[in-house]
Structures are given as structure tokens and as C-alpha cells.
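Close look at the chain arrangement
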Amino acid sequence: MTSEERAVDRRWVLGTIGIGAAAGLAGCLGDDDDDDTEGIDDGDDNGNGDEANGDELTLSEPVDFPEDEDEGECAVCSMVAAEYPDWNAQVVHEDGHREYLCSKGCLTAYYFAPEKFTSGDSDEEIAGVWATCFLSGELIDATEAYFVYEQDRDRQDFPMPMGSPLAFSNREDAVSYVEDYDDLNEDDHVITLEDVDREVAEFYRKPRLEEMSG
């Protein structure tokens, strides 16, 4: 074999090696892409995607109060709940249907008889309730909160003249509030959401309950 023939043969061998290496690299990259795609598909099949997580959050967390009159009106009195940030509350049902309340007074009526105020939009059980804390001004889990059954309608600047209970994140703060007034006591005026009955609901929103009953 001449030197010229050896040079040609060498170039052919190197070229073949280069093609093989490129093909191998492409194969590796292709495998990685397949693995990534399979991972995404598996996540979707298991129902663990972002959409599922988002649905869960809407049931376990409060949302911003809509400022639009049609979307954010109080389910009980029709005032815009967002306009009363120191008093408002919100409720979500198991099917995701959410209602906004201008105050805890309206919340008592809704919680006692939700079927009167949902206008047939939801027959599902209530899944979450949040109310604005009297001290912090933040929305707190109303199912774990304590309320002062405030019966002096002139003591606070309530959104509605019929008054409203006051929400506190812990019992100690609620007790501290009632201890400041001679007409309030811990046994009768510190309650939980589960203590809201017809008497409480009617004290705050009897006209609305009667109107919806008619």
C-alpha cells in the first residue's frame, strides 16, 4: 500500500469513528428526552399536576375579595365585601363555590342557613370559612377562631346597624375583650363558629333571614 493509499484509509477510519460518536451522543440525548416526557406523563396520570394542586388551594385558603360589585357582593346583604376589610369574611363550599360576606354578622346568618343565601348555586357542605381578626385585621381560619358575641351595637363602628360578632385568633384575646365590659362575660359571650345557632343568627340578621324565608 502506498503512502497516499494509507492516508486515504486513515481518513476513512477517523470519519467512521466520528459518525459513530455523534450517533451515540444523539442516542443518549434522545433517551434523556424520553425519560423527561415519561415523567411528565406519569405525573398527569396520577393527578398530581399543578391544576390539581391549585384546586386544593382554593378550598384550603382564602382568596382576595373581588372589588367588582357583581362578583364581590355580600351573599346576605348585597353590600360589596371588599369595602369592609376590617369586618369581612368568606366561605367556600366543597364544590369550590365561594361566597363573600361584608361582616361576621352576615357570616352568622349564612353559616346558620347557607341554603337561604346561595341562590341554588351550591348544595355542597361548607369546606372553609375565614373571618377578619378584630386585632390583626388579617383573615383567620374561622373554624378555629373565637368570637365575642357582642350585643352592644353602638360599641364598635359596624358596617351594618344590626352589629356583628368580633373574631379573635385565640380564646385569650377574646376573653381579654369581654373582661373590659361589665355587660359581657366569658361563659355567655365567648363562642366558636359551631355555637352559632338561630338565636345568634337572628340577633344579628333576623330581617335578612325572614326575608329570605319568604
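As shown above, the structure is provided for reference.
Attention here is on the structure that accompanies the text. (Residues numbered from 1 in each chain as written. Predicted model: local features only at pLDDT ≥ 70, side-chain atom pairs only at ≥ 80, totals over all residues. Heavy atoms only, no water.)

Okay, the sheet that holds strand 7 (residues 190-191) next. Across a sheet, paired strands are connected by hydrogen bonds in the backbone, their directions being either parallel or antiparallel. Read across the open sheet, the three strands follow the order 6-5-7; overall the sheet is antiparallel. The open sheet has two edge strands with one neighbour each: strand 6 (166-168) and strand 7. Where strand 5 (residues 146-148) and strand 7 come together, two bridges link them in antiparallel fashion. Residue V148 lies in a different strand from strand 7, and its bridge partner there is V190. In the packing of helix 5 (residues 171-178) onto the sheet, contacts are made with strand 5, strand 6 and strand 7, and the angle to strand 5 comes to roughly 10 degrees. (Pairing = 2+ DSSP bridges. Helix = DSSP H or I, 4+ residues; strand = E, 2+ residues; numbered from the N terminus. Contact = heavy atoms within 4.5 Å. Axes fitted to C-alpha atoms, helices over the stretch in contact; angles between N-to-C directions.)

The next subject is the pattern of salt bridges. Enumeration according to the criterion identifies seven salt bridges in this entry. Here D183 and R155 are joined by a salt bridge, their closest N and O atoms 2.9 Å apart. One end of the pair, D183, is in the loop between helix 5 and helix 6 (186-189); the other, R155, is in the loop between strand 5 and strand 6, and 28 residues separate them in sequence. Its salt-bridge partner being E186, residue R171 comes within 3.2 Å of it at the nearest N-O pair. Of this pair, R171 sits in helix 5 while E186 sits in helix 6; the two residues are 15 residues apart in sequence, bridging distant segments of the chain. Looking at R171, the relative accessible area reads 29%, which means it is partly exposed. (Salt bridge = Lys/Arg side-chain N within 4 Å of Asp/Glu carboxyl O. Buried < 20%, exposed > 50% of the residue type's maximum accessible area, 1.4 Å probe, protein only.)

With that settled, the discussion passes to the packing of aromatic side chains. Scanning the entire structure with this criterion turns up eleven aromatic pairs. On the numbers, 5.1 Å between centres and 55 degrees between planes, the contact of W87 with F158 is tilted. Of this pair, W87 sits in the loop between helix 3 (69-72) and strand 1 (89-93) while F158 sits in the loop between strand 5 and strand 6; the two residues are 71 residues apart in sequence, bridging distant segments of the chain. Accessibility expressed as a relative area gives 9% for F158, which makes it buried. Geometrically, the ring pair formed by F134 and F168 is tilted, given 5.7 Å between the ring centres and 55 degrees between the ring planes. In this pair, F134 sits in the loop between strand 3 (126-132) and strand 4 (139-141) while F168 sits in strand 6, placing the two residues 34 residues apart along the sequence. By relative accessible area, F134 is classed as partly exposed at 27%. With relative accessibility at 1%, the residue F168 sits in the buried group. Each member of the aromatic cluster is reached from another via a ring pair, and the members are W87, F134, F158, F168, Y177 and Y181. The aromatic ring of F203 is capped on one face by R153, whose charged end is 4.1 Å from the ring centroid. (Phe/Tyr/Trp six-rings, centres within 6.5 Å; stacked < 30°, edge-to-face > 60°. Lys NZ or Arg CZ within 6 Å of the ring centre and 35° of its normal.)

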